[in-house]
Amino acid sequence: MYRTIRISRRLFVTTAAVFVLSLLLSFVSASIRLPKGYTRLYPGLYVSAEEDEKQGDTPDTVQIKKAYLTFDDGPSGVTPRILDVLDELGVKATFFVIGRNSEADVETLRRIHEEGHTIGLHSYSHEYQKIYHSVEDYLADFHALEQWVFEITGERAEIFRFPGGSNNSTAKKSVMTAIAAEMTRRGYTYYDWNVIAHDDKKAAYSPEVLFQNVKASAKGKLDRDLILLFHDNATRKTTPDVLPQVVEYFRENGYEFDQITSDTRPIQFQKPKK
Ligand SMILES: [Zn+2]
């Protein structure tokens, strides 16, 4: 009887010790912050690390003001006209593309690349609810788009734009913070905007209204670099028509038009946490 009690007491002490130890271990490992599982996904999805000096309006250097035309959601039936107009204006732009698999769209994507514009990644599906559900979902969508663009252009995109911007209201704040940090860790830079044409509203605006929108949006900002947001969408047929006025207006105000590259200083509504 006494012996049985001794044994079970020893067993109890051992079990308790193991329990306390495992608690302690899990606490320690949590405080070390092990890398998240998604950091191991898509090991090829990295931008090769080179010097990371972003150019832009540093206060101590006088630089030519830059304006960047950016087009979201293409390729579309309107892209060829946008490309024609850009060619006439002698302007290189930036296209944040989505996954479109029709033969015509694939051909257009190739043309954007061949004519020397920058291709940035936007989203394969462009379904906010889906991509902003988790970091894993975001990466899966981004990876699909990255592969698709690479297959067609033979070049790896290094910049991207979040659908709805980096401060979109679809993603939970914690998820968005994690996505932005993870994408930045992988070497990608995201670009929001500071001038908007409002060409994504229900009815297509006339070129004159679009021009007024752009001017109103740029008001008070003509002392800095500008990233202009337009949409490349088959139902927005007036967007190509406003471009000559827009380019003329900003050139008259001392701007030079350029395309965004990974060296361009980004505009980011939410800065990524390091
Ligand atoms: Zn979009």
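Bear in mind the structure is a predicted one, so any value in this text is a computation, not a measurement.

(A) Representation of the overall build of the protein chain. When helices and strands are tallied, the protein chain shows eight helices and eight strands. Counting all 274 residues of the protein chain, 33% fall into the buried class. Within the protein chain, counting contacts between residues at least 6 apart in sequence, those at least 24 apart form 84% of the total.

(B) Just helix 7 (residues 207-218), in detail. Counted at 1.5 Å a residue, the expected span for helix 7 with its twelve residues is 16 Å, and the 16 Å between its end C-alpha atoms agrees. Restricting attention to buried positions, one finds in helix 7 the residues Leu210, Phe211, Val214 and Ala218. The buried residues of helix 7 occupy one face: seen down the axis, they fall within an arc of 100 degrees. Seen from the buried face of helix 7, the exposed residues on the opposite side, beyond 90 degrees, are Glu208 and Ala216. Structurally, helix 7 contributes buried residues whose contacts are with strand 6 (195-196), strand 7 (226-231) and helix 8 (239-252). Gly220 occupies a position one or two residues after helix 7 and carries a positive phi of about 80 degrees.

(C) Molecular detail of the pairing of strand 2 (residues 94-98). Among the five residues of strand 2, five are classified as buried, and the element is accordingly described as predominantly covered. Burial along strand 2 is two-sided: the residues Thr94, Phe96 and Ile98 and Phe95 and Val97 are all buried. Direction of pairing for strand 1 (residues 65-72) relative to strand 2: parallel, over a ladder of three bridges. Bridged to Asp72 within strand 2 is Phe96. As paired elements, strand 2 and strand 3 (residues 118-123) share five bridges and run parallel to each other. Across the sheet, residue Ile98 finds its bridge partner in strand 3, namely Ser123. In terms of handedness, the path from strand 2 via helix 3 (residues 103-114) over to strand 3 forms a crossover that is right-handed.

(D) The arrangement of unusual backbone geometry in detail. Note the cis peptide between Gly74 and Pro75, where omega equals 0 degrees. Looking at where Pro75 falls in the secondary structure, it is placed in the loop between strand 1 and helix 2 (79-89). A positive phi is found at Tyr42, a non-glycine position, where the angle reads about 45 degrees. Here Tyr42 is to be found in the loop between helix 1 (2-32) and strand 1. Its identity is not glycine, yet His126 carries a phi of approximately 60 degrees, on the positive side. Structurally, His126 can be placed in the loop between strand 3 and helix 4 (128-131).

(E) Quick peek at the pairing of strand 1. Counting buried positions along strand 1 gives seven out of eight residues, so the element sits mostly inside the fold. Sheet topology places strand 1 next to strand 8 (residues 255-258); four bridges connect them, and they run parallel. Each residue of the ladder has a partner; that of Ala67, found in strand 8, is Phe257.

(F) Inspection of the environment of Asp258 at higher detail. Topologically, Asp258 is positioned in strand 8. Between the C-alpha atom of Asp258 and that of Thr94, which follows or precedes it by 164 residues, the distance is 8.7 Å. The residues contacting Asp258, other than those within four sequence positions of it, are Lys66, Tyr68 and Lys92.

Analysis parameters
- Residues numbered from 1 in each chain as written.
- Predicted model: local features only at pLDDT ≥ 70, side-chain atom pairs only at ≥ 80, totals over all residues.
- Helix = DSSP H or I, 4+ residues; strand = E, 2+ residues; numbered from the N terminus.
- Buried ≥ 20, exposed ≤ 12 C-beta atoms within 10 Å, placed from the backbone.
- Contact = placed C-beta atoms within 7 Å.
- Expected span 1.5 Å × (residues − 1).
- Arc of directions from axis to C-beta.
- Pairing = 2+ DSSP bridges.
- Right-handed = clockwise from strand over helix to strand, strands pointing away.

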